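Geometric and topological summary
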Amino acid sequence: MSGGPRVRSMNVADSEVRPVLGPAGNKTMRSLSARKPASKPLRKAEKATEDDEEVKAFPSSNGAASSPPSHSVSASSMLRRQEQLLHSNLSLNASCSSDASTDSFHSRASTGRITRSSSTARRRSYTSKPRVIVSGDVSESPPDGLKTKRCAWVTPNTEKDPSYIAFHDEEWGSPVHDDKKLFELLVLSGALAELTWPTILSKRHIFREVFADFDPIAVAKLNEKKLTAPGSVASSLISELKLRAIIENARQISKVIDEFGSFEEYIWSFVNHKPIVGRFRYPRQVPVKTPKADVISKDLVRRGFRSVGPTVIYSFMQVAGMTNDHLISCFRFQDCVTAAEVKEEEITTEGAEEKKSNVIESELSRAMDELSFSSE
């Protein structure tokens, strides 16, 4: 009974199928692939799908298959389940990554560093207009500094002076046609050589007391010695040279009134009774003197006026409204233009009425002459 060892016959089909469908090999492969993390690339899932297709490609009718049909069915079902798990894990990872990116985008957007809406909101917060808070029936408006823009010579320090603000908002640049007022402004403009506008305005009531409320006829009769005496009130204001010039100018104004009927008629004739509008944008564009001021200064000096240089005369023209040097950004610019237009209309109307009255008077005189001639 002895002999060589028995050799098991092997079918060709078994040799072809057995390496693929071997239970141990397939189980090992499935267990290893099941242990692999779900975040493997999609290439591995495609490879597993190809293996599944290779298994399904073999004919099940081949009797030489070493594994029974139950194993092939279980292998294919488990591969499909693995493929579904891989797809679900991939979709979950994608959704998580998209959520994370969205969260990070929103978090960065909240800081205003990326999105346009956040930067726009930031710009809006900076350029937002002051709100008017309404409480009951009373509305609280913003302070005057936020809604009124004045000329550059009104600085934050001078804004604290109510008289200086009133001087800019109500007086400087407004057309003046009263002789007493014009004389006062001429005197105050001459004092600018020694004082500043805030100082002059603070002592304005003293100027008016000393110079008889700037009546040219009364000032012309003042005693120079008493006015310029040491320790007098007038000597504490300005120098003796300026005090003597004021008295002399009052005398010359009286002569101008006798010649032209009023100082206003004389001084406004240099600008054709219409203010010169500067329309300046920047303070550096506003001149210190002009050729027109030089012409007026020379004529005043010729008539005997003192301390009336071109710079003083141009300051007088500015404050008297003969020239509108408010910056166009200043709220007073348009107000002074409107005031000048109204005054021009009044002058035109008065001129027309005066002309009409003169015509009527001439006609009446002629009619009376005709009656007297006929009676003779």
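A quick note: this is a predicted structure, and the numbers were derived from the prediction, not measured. (Residues numbered from 1 in each chain as written. Predicted model: local features only at pLDDT ≥ 70, side-chain atom pairs only at ≥ 80, totals over all residues. Heavy atoms only, no water.)

Right, let's get into the overall build of the protein chain. Of the regular secondary structure elements, the protein chain holds 17 helices and four strands. Classification of the 376 residues of the protein chain by burial places 32% in the buried group. Pairs at least 24 apart in sequence give 66% of the contacts found in the protein chain among residues at least 6 apart. Counting every atom, the protein chain has about 24,500 Å² of accessible surface; 55% of that belongs to carbon and sulfur. (Helix = DSSP H or I, 4+ residues; strand = E, 2+ residues; numbered from the N terminus. Buried < 20%, exposed > 50% of the residue type's maximum accessible area, 1.4 Å probe, protein only. Contact = heavy atoms within 4.5 Å. Areas by Shrake-Rupley, 256 points an atom, 1.4 Å probe, with all protein chains shown as cover.)

Another aspect to go through is unusual backbone geometry. Despite not being glycine, A212 shows a phi value in the positive range, around 55 degrees. Note on placement: A212 falls in the loop between α10 (204-210) and α11 (216-220). Accessibility expressed as a relative area gives 34% for A212, which makes it partly exposed. With phi around 50 degrees, S307 is a residue other than glycine that occupies positive phi space. You can see S307 is positioned in the loop between α15 (291-303) and α16 (310-319). Among the residues examined, S307 registers a relative accessible area of 32% and is labelled partly exposed.

This next bit is on the environment of A250. On the secondary structure map, A250 appears in helix α13 (residues 240-260). When the C-alpha atoms of A250 and A218 are compared, they prove to be 8.4 Å apart, with 32 residues separating the residues in sequence. Excluding residues that lie within four positions of it along the chain, A250 makes contacts with F183, P216, V219 and A220.

We now examine the pattern of salt bridges. What the rule picks out here adds up to 14 salt bridges. Across the salt bridge formed by R204 and E184, the nearest N and O atoms sit 2.9 Å from each other. One end of the pair, R204, is in helix α10; the other, E184, is in helix α8 (residues 179-190), and 20 residues separate them in sequence. No difference in accessibility class separates R204 from E184, as the two residues are buried. The shortest N-O distance in the salt bridge between R251 and E224 comes to 3.7 Å. Of this pair, R251 sits in helix α13 while E224 sits in helix α12 (residues 224-228), and the two are 27 residues apart along the sequence. Sharing partners across several salt bridges, the network here consists of E171, K181, E184, R204 and R208. (Salt bridge = Lys/Arg side-chain N within 4 Å of Asp/Glu carboxyl O.)

Counting all residues, the mean pLDDT for the protein chain is 73, and 61% of those residues have values of 70 or more. Mean pLDDT values for the elements of the protein chain range from 35 in strand β2 (residues 138-140) up to 97 in α15. Predicted confidence is poor over residues 52-73, with pLDDT under 50, and the contacts of this stretch with residues over four places away or in other chains come to 15 contacts. This stretch, residues 98-146, has a pLDDT under 50; its non-local contacts, to residues over four places away or in other chains, come to 22 contacts. (pLDDT = per-residue confidence, 0-100.)

Next up on the list: the nonpolar core. When a protein is soluble and globular, its nonpolar side chains tend to lie buried together. Residues F211, F263, I267, F316 and M322 are the most contacted members of the largest nonpolar core, which totals 49 residues. Dropping the residues within four chain positions of it, I267 is found in contact with L182, I296, F316 and M322. (Core = buried A, V, L, I, M, F, W, Y, C linked by side-chain atoms within 4.5 Å.)

Let us look at the packing of aromatic side chains. Taken as a whole and judged by the stated rule, the model has ten aromatic pairs. Taking 5.0 Å as the distance between ring centres and 65 degrees as the angle between the ring planes, the aromatic pair formed by W153 and W172 counts as edge-to-face. Taken together, the positions of W153 in the loop between α6 (144-147) and α7 (162-171) and W172 in the loop between α7 and α8 put the pair 19 residues apart, joining distant regions of the chain. Chaining the aromatic ring pairs together yields one cluster made of W153, Y164, F167, W172 and W197. For R284, the ring lying beneath its charged end belongs to Y282, and the centroid distance is 4.5 Å. (Phe/Tyr/Trp six-rings, centres within 6.5 Å; stacked < 30°, edge-to-face > 60°. Lys NZ or Arg CZ within 6 Å of the ring centre and 35° of its normal.)

As a further point, take the side chain of E248. One can find E248 in helix α13. In contact with E248, not counting residues within four places along its chain, are G304 and R306.

Three or four residues apart is the spacing at which side chains of an α-helix point the same way, because the helix has 3.6 residues per turn. With twelve residues, α8 extends 17 Å between its outermost C-alpha atoms, agreeing within 8% with the 16 Å of an ideal straight helix rising 1.5 Å per residue. With ten of its twelve residues buried, α8 lies for the most part within the structure. Backbone nitrogen of K180 and a side-chain oxygen of the N-cap are separated by 3.3 Å at the start of α8; the cap is D178. (Expected span 1.5 Å × (residues − 1). Polar contact = N/O pair within 3.5 Å; in protein donor to acceptor, adjacent residues only side chain to side chain.)

Take the environment of Y266 next. The residue Y266 is located in helix α14 (residues 263-268) in this model. Here the alpha-carbon distance between Y266 and V256, two residues ten residues apart in the chain, equals 7.3 Å. Beyond its immediate sequence surroundings of up to four residues, Y266 is in contact with V256, F260, D299, L300 and R303. At a separation of 2.3 Å, a polar atom in the side chain of Y266 contacts the side chain of D299.

What follows is about the side chain of D299. With respect to the helices and strands, the residue D299 is situated in helix α15. Under the relative-accessibility criterion, D299 is labelled buried at 15%.

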